[in-house]
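These are the residues of each chain, in order.
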There are 2 protein chains.
Amino acid sequence: MSLLVVGSVAFDAIETPFGKVDRALGGAATYFSVAASYFTHVNLVGVVGEDFTPKDAAIFRGRRIDITGLERAPGKTFFWAGRYGQDLNDRVTLATELNVFANFNPRLPPAYRGCSYVFLANIDPKLQRAVLKQVSRRPKLVALDTMNYWIERTPAELRDTLKHTQVLMINDAETRQLATENNLMRAAGKIFRMGPSTLVIKRGEYGAMMVHDRSVFSVPGFPLWEVHDPTGAGDSFAGGFMGYLASTGRVNDRTLRQAMVYGSVMGSFAVEGFGLDRLRRLKRAEISQRARHFWRLTQFRL
Amino acid sequence: MSLLVVGSVAFDAIETPFGKVDRALGGAATYFSVAASYFTHVNLVGVVGEDFTPKDAAIFRGRRIDITGLERAPGKTFFWAGRYGQDLNDRVTLATELNVFANFNPRLPPAYRGCSYVFLANIDPKLQRAVLKQVSRRPKLVALDTMNYWIERTPAELRDTLKHTQVLMINDAETRQLATENNLMRAAGKIFRMGPSTLVIKRGEYGAMMVHDRSVFSVPGFPLWEVHDPTGAGDSFAGGFMGYLASTGRVNDRTLRQAMVYGSVMGSFAVEGFGLDRLRRLKRAEISQRARHFWRLTQFRL
């Protein structure tokens, strides 16, 4: 089924102990779409500036990604610069230039409005809500990412958007902050009262955990021999998760667990290369093979 | 089969957001033995002072724990005091008084010398080695815990002891430090060249990971509604792990994975209560039930 994503498309300058790039296409919606496109058709809503060239758009071509909803605005594309230390969990943000993103007002092309699966990447909750209002019928599944900035600065708007969200995808710290509760299980209970029925907690190299109803599912981080760049891991996870769910057309405990695994598969590939390097060159067989690796990594018989 | 543990027996003063105790029996060998005793017979080697009363020894009675090897020495028992913050990962050590432990020289009673499973808790690697020399025949499995102090201060002695060790059980940071390598898979490769054939990485609330040969197994942390005191979690994990292995008498990929789960089960119970409160009152059925919970927590079908 059709999948809609709204979020940032950006140029990233990234430095890790393994290399450096000055201008690589990135942003949440970019990582999400590329990851999800291995599973289903994706409709992208975002904004870029005049510096976005046909060469930059090449990443979307030849994939099941519709960029009719990628608006071109006067000015420069959103720019982010960051540096990772030897411990890749240590990240310093060197620059965040919103540019055209500062006045982003998402507009859905008519062909996007019937989407059944919607992913609201980490942007102003007001804009996330505005996107949902443009969807013509109630989507089958709305998933949302957010961050400490919105939890602190726009709590009322975030609460309003959460009422219309089924899956909340955030990290440990954001979970604790949003629920004002340190224990993650209790925090999940409080978050369910805000609207979502499923909480996906992203834990970086430690994997991810999903809580819904009375069921909890945990998937570990994939033990990688090469981690070159953690940028985009969470958004690639979300892309694999939502892409897989949209491809099955069913949302139940079994498909949600599978989605957690495919999300983890895409996140693990994303960090193996710089920027989108690894993610964009994947073969479907590599994805299936890594999913089976996750199986071997976690299975036991009592 | 018989299981031997050498390590600290201590009095702990613990403060967490959920309570406070001034003098609770603790120490690595104590947590280990109590956890392991649910699976097999344990022979304990350690030292206590004159302040150790028959009431303190009660924790070992009525269990399959032999304390013939628990030496009484003139002076006071090892004392440790620590305080945990709201985030239970933040621990401040307030006092470490070695007391009788400073001159500890482990001596194995004759009945202990034929043990096939040996756990060397976190003590001076010289003492760990001295214990191994007293074991009459080559044990089936030697597992070892250590910490940054020994990795930094006595690297040669630690390397010597590691040569005689099959399973190394340490945390992420210790793994990286010992191998001088940030990537855990590469670190495992370097550690295997030091002697151990299996590396168990303990990751607290995130669970644990085992690497051996070409196989990797990960088990997540158990999602708990109540965490009252993290003290002893790692030693309880080790007790469940080694206790289970000794009870089966077989060491292979299947039993090692099961041991990881039973280790996690015991670690998860340990933190639910203050000190040994929860661990000492377990029923065998609760252990089996939680192992099945771990199964439901991690299983998926592709």
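This report concerns the structure included in the present document. (Residues numbered from 1 in each chain as written. Chains lettered and ligands numbered in written order. Predicted model: local features only at pLDDT ≥ 70, side-chain atom pairs only at ≥ 80, totals over all residues. Heavy atoms only, no water.)

Moving on to the overall build of chain A. Across its full length, chain A holds 10 helices and 13 strands. Across chain A, contacts joining residues at least 24 apart in sequence account for 65% of those joining residues at least 6 apart. About 12100 Å² of surface is accessible on chain A, with carbon and sulfur atoms providing 49% of the total. (Helix = DSSP H or I, 4+ residues; strand = E, 2+ residues; numbered from the N terminus. Contact = heavy atoms within 4.5 Å. Areas by Shrake-Rupley, 256 points an atom, 1.4 Å probe, with all protein chains shown as cover.)

Within the structure shown, the criterion is met by 30 salt bridges over all chains. Between Arg257(A) and Asp253(A) there is a salt bridge, with the nearest N and O atoms lying 3.0 Å from each other. Here Arg257(A) and its partner Asp253(A) are both found in helix α9 (residues 253-272), four residues apart, which amounts to about one turn of the helix. The exposure class assigned to Arg257(A) is buried, which follows from its relative accessible area of 9%. Classification of Asp253(A) as partly exposed rests on a relative accessible area of 30%. Across the pair Glu71(B) and Arg107(B) runs a salt bridge, and its minimum N-O distance is 3.8 Å. You can see Glu71(B) sitting in strand β5 (residues 65-72) and its partner Arg107(B) sitting in the loop between β7 (91-97) and β8 (117-120), a full 36 residues away along the chain. (Salt bridge = Lys/Arg side-chain N within 4 Å of Asp/Glu carboxyl O. Buried < 20%, exposed > 50% of the residue type's maximum accessible area, 1.4 Å probe, protein only.)

This part takes up the relation of the copies chain A and chain B. For the pair chain A and chain B, the relating rotation is 180°, the translation along its axis is 0.0 Å, and the fit reaches an RMSD of 0.0 Å. Such a combination of rotation and displacement between the chain copies is what one expects of a two-fold axis. Both copies present the same face, since 100% of the interface residues in chain A are matched by interface residues at the equivalent positions in chain B. (Least-squares fit on C-alpha atoms with pLDDT ≥ 70 in both.)

Here the focus is the packing of aromatic side chains. For any pair of aromatic rings, the description consists of the separation of the ring centres together with the inter-plane angle of the planes. Residue and element names in this part refer to chain B. Scanning the entire structure with this criterion turns up 23 aromatic pairs over all chains. Measuring from ring centre to ring centre gives 5.5 Å for Phe39 and Tyr262, while their planes differ by 70°; the resulting arrangement is edge-to-face. Here Tyr262 lies in helix α9 (residues 253-272) and Phe39 lies in the loop between α1 (28-36) and β4 (42-48), a separation of 223 residues in the sequence. Taken individually, Phe39 and Tyr262 each receive the classification buried, so the pair is uniform in this respect. Across the ring face of Phe11, the terminal group of Arg23 is positioned such that the distance to the ring centre comes to 3.8 Å. Here the basic side chain of Arg290 rests over the ring of Phe269, its NZ or CZ set 4.0 Å away from the ring centre. (Phe/Tyr/Trp six-rings, centres within 6.5 Å; stacked < 30°, edge-to-face > 60°. Lys NZ or Arg CZ within 6 Å of the ring centre and 35° of its normal.)

Right, let's get into the interface of chain A and chain B. Contact with chain A, which involves 36 residues of that partner, is made by 36 residues of chain B. Between chain A and chain B, the buried area comes to about 3600 Å², and carbon and sulfur atoms account for 53% of it. Linking chain A with chain B are six salt bridges. Across the pair Arg186(A) and Glu226(B) runs a salt bridge whose closest N-O atoms are separated by 2.6 Å. Residue assignment for the side of chain A that touches chain B shows that the elements contributing at least two residues are α6 (172-179), α7 (184-192), β13 (215-219), α9 and α10 (284-298) of chain A. Of the residues forming the side of chain A that touches chain B, the biggest block, seven residues, is contributed by α10(A). Looking at side-chain class alone, the side of chain A that touches chain B contains 17 nonpolar, seven polar and 12 charged residues. (Buried area = accessible area lost by both parts, 1.4 Å probe. Nonpolar A, V, L, I, M, F, W, Y, C, P; charged D, E, K, R; others polar.)

As a further point, take α7(A). Residue and element names in this part refer to chain A. For α7, the set of buried residues is Leu184, Met185, Ala187, Ala188, Gly189 and Ile191. Buried residues in α7 make contact with β10 (167-171), α6, β11 (198-202), β12 (208-212) and β13. Capping the start of α7, Asn183 holds a side-chain oxygen 3.0 Å from the backbone nitrogen of Met185, two or three residues further along. (Polar contact = N/O pair within 3.5 Å; in protein donor to acceptor, adjacent residues only side chain to side chain.)

Below, the discussion takes up empty space enclosed by the protein. The gaps left among the atoms become clear once a water-sized probe is rolled over them. Tallied over the entire structure, the rule returns one cavity of 30 Å³ or more. Taken as a whole, the largest cavity spans an internal volume of roughly 100 Å³. Along the walls of the largest cavity sit 16 residues, with Tyr206(A), Pro220(A), Tyr206(B), Val219(B) and Pro220(B) positioned nearest its centre. Those elements giving two or more residues to the lining of the largest cavity turn out to be β12 and β13 of chain A together with β12 (208-212) and β13 (215-219) of chain B. Residue composition of the lining of the largest cavity, by class: 10 nonpolar, four polar and two charged. (1 Å grid on protein atoms, 1.4 Å probe; cavity = no way out; pocket = protein on both sides within 12 Å on 5 of 7 lines; lining within 4 Å. Points joined across faces, edges and corners; volume = space filled by probe spheres on them.)

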